[in-house]
Amino acid sequence: MKLSFIVPCYNEEGNVKAFYEKMVETIDYNKYKYELIFINDGSKDKTLERLKELLKEKVNIKIIHFSRNFGKEAGIYAGLKEAEGEYIAIIDADLQQNPKFLLKMMKVLDETDYDVVTAYQKVRKEGFILTTFKKMFYKLINKLCDIDFVSGASDFRMFRRSVLEAILSMGEYYRFSKGIFSWVGFDTYYMPYDVESRNSGKTKWSFWKLFKYAIDGIVSFTTAPLRLATILGFLISISSFIYLIVLLVQKLCFGIAVAGYASILAVLLLVGGIQLLSLGIIGEYLARTYIEVKKRPIYIAKKIYSNKKM
Ligand code: UDP
Ligand code: MG
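First, a word on what this report is: a plain description of the structure on this page. (Residues numbered from 1 in each chain as written. Chains lettered and ligands numbered in written order. Predicted model: local features only at pLDDT ≥ 70, side-chain atom pairs only at ≥ 80, totals over all residues. Heavy atoms only, no water.)

### Topic: helix H7 (residues 161–168)
An α-helix turns once every 3.6 residues. As a result, residues three or four positions apart point the same way.
Inference 1: The complete set of buried residues in H7 reads Val163, Leu164, Ala166 and Ile167. What you see down the axis of H7 is that its buried residues fit within an arc of 165°, all on one side. (Buried < 20%, exposed > 50% of the residue type's maximum accessible area, 1.4 Å probe, protein only. Helix = DSSP H or I, 4+ residues; strand = E, 2+ residues; numbered from the N terminus. Arc of directions from axis to C-beta.)

### Overview of the nonpolar core
Inference 1: With 39 residues, the main nonpolar core has Phe5, Tyr34, Leu36, Phe38, Leu102 and Met158 as its most contacted residues.
Inference 2: Top contributing element to this core by residue count: helix H5 (residues 100–111), with 6 residues.
Inference 3: Non-local contacts of Leu36, meaning those with residues more than four positions away in its chain, are made with Phe5, Val7, Phe19, Tyr20, Met23, Asn60, Ile61 and Lys62.
Inference 4: Listed in part, the 37 residues of the second largest apolar core include Ala78, Phe149, Ala166 and Tyr299. (Core = buried A, V, L, I, M, F, W, Y, C linked by side-chain atoms within 4.5 Å. Contact = heavy atoms within 4.5 Å.)

### Overview of the site of ligand 1
Inference 1: The environment of ligand 1 is formed by 16 residues, the closest being Pro8, Glu12, Asp41, Asp94 and Thr203.
Inference 2: Contact distances for ligand 1 include 3.5 Å between a nitrogen atom and a backbone N or O atom of Lys72.
Inference 3: One nitrogen or oxygen atom from the side chain of Arg198 is found 2.8 Å from an oxygen atom belonging to ligand 1.
Inference 4: Here ligand 1, which alone exposes 530 Å², has 87% of that area covered by the protein.
Inference 5: Grouping the amino acids of the shell around ligand 1 by side-chain chemistry returns 5 nonpolar, 4 polar and 7 charged. (Near = heavy atom within 4 Å. Polar contact = N/O pair within 3.5 Å; in protein donor to acceptor, adjacent residues only side chain to side chain. Areas by Shrake-Rupley, 256 points an atom, 1.4 Å probe, with all protein chains shown as cover. Nonpolar A, V, L, I, M, F, W, Y, C, P; charged D, E, K, R; others polar.)

### As for the packing of helix H6 (residues 128–144) against helix H9 (residues 207–221)
Inference 1: Their axes nearest at 11 Å, the elements H6 and H9 cross at an angle of 10°. Judged by the inter-axis angle, H6 sits roughly parallel to H9. Counted together, Leu130, Phe133, Lys134, Phe137, Leu140, Ile141 and Leu144 of H6 and Phe207, Leu210, Ala214, Gly217 and Ile218 of H9 form the full contact between these two elements.
Inference 2: A class-by-class count of the residues in the contact of H6 with H9 yields 10 nonpolar, 1 polar and 1 charged. (Axes fitted to C-alpha atoms, helices over the stretch in contact; angles between N-to-C directions. Parallel < 35°, antiparallel > 145°, perpendicular 65-115°, else oblique.)

### Focus on the packing of H9 against helix H11 (residues 261–294)
Inference 1: As a packed pair, H9 and H11 sit with axes 11 Å apart at the nearest point and diverge in direction by 80°. The orientation of H9 with respect to H11, classified from their angle, is roughly perpendicular. Residues Ile215, Asp216, Ile218 and Val219 of H9 pack against Glu284, Tyr285 and Arg288 of H11.
Inference 2: Residue classes in the contact of H9 with H11 are distributed as 4 nonpolar, no polar and 3 charged.

### Brief notes about the environment of Tyr20
Inference 1: Within the fold, Tyr20 resides in helix H1 (residues 16–26).
Inference 2: Considered as a pair, Tyr20 and Leu277 are 257 residues apart in the sequence and their alpha carbons are 48 Å apart.
Inference 3: If sequence neighbours within four positions are ignored, Tyr20 has contacts with Leu36, Leu54, Lys58 and Ile61.

Rendered as structure tokens:
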């Protein structure tokens with residue numbers, strides 16, 4: 001088996017069949033004999049029924065049916081565990097990512113020594129606010145982390161089996177694929193692509209979900225924010241010490257009385273705020289440590305369906 005395609009699906013009843021058609025139309029099945037691994041990530045609609053119909057009618061399909069919604073990252077992990085191909089690719093079920101790029105990716109892997117081909121959007125087609133926030137996020141995370149995060153890089157990628165094994169060896173619960181792919185290294189080829197509009201249904205990402213995902217990404221790949229508390233504490237201690245000396249000199253040498261209910265309140269609130277912020281940051285790390293040490297499984301598959309011939 002040369003190729004495995006991993007397709008995470010959450011409430012994609014209107015897309016899975018169209019997706020399959022588009023795949024076989026673009027990538028000649030007789031030539032490549034690929035397997036399609038669909039992950040039904042706790043869909044609440046008829047995604048599983050649609051997938052089972054495909055399973056009945058077509059070949060080389062696997063469905064990993066999750067016991068509930070575990071998120072796309074868990075879906076990808078499950079798919080990687082099941083994949084048998086020499087090249088493995090991750091692609092969304094909503095037809096936003098055209099399978100024709102898979103052929104191009106395969107060509108790069110065939111003809112060069114690159115290990116990973118990652119599709120990235122040259123121009124983001126999202127609204128101005130979201131684009132600005134995403135850009136800010138990449139600036140921040142690149143400043144804080146030692147590894148590189150490429151802005152606009154997607155989960156739409158193809159890679160060799162050696163990369164799959166490296167990724168599977170990272171068994172962490174909080175999975176931030178973009179970071180994991182950077183962390184394992186390997187030579188990555190970045191391929192520009194245009195995102196198409198969704199075939200049916202709507203995106204599962206709200207602003208709040210993206211924000212939490214961004215925090216997960218930062219906390220998973222750097223401990224730099226923890227240092228913030230130390231630095232702030234240091235700065236505040238030094239400046240308050242200098243201020244104290246100034247006040248003493250003013251009072252003892254010049255007899256100037258210290259004025260200021262407002263200034264005391266302002267400083268008190270500022271320091272209180274910084275303390276809470278620092279506690280919050282420590283809390284973020286502690287909470288993740290707590291979850292990680294429990295070693296809970298990343299996903300639970302209720303059932304795996306397969307009609308694979310090879
Ligand atoms: N997805 C998933 N589990 C989730 C959320 C999304 O498996 O909890 C899948 C979804 O079905 C789709 C892919 O991940 O195939 C990308 O999701 P979506 O299209 O909502 O994200 P966007 O393209 O807007 O970034
Ligand atoms: Mg999408």
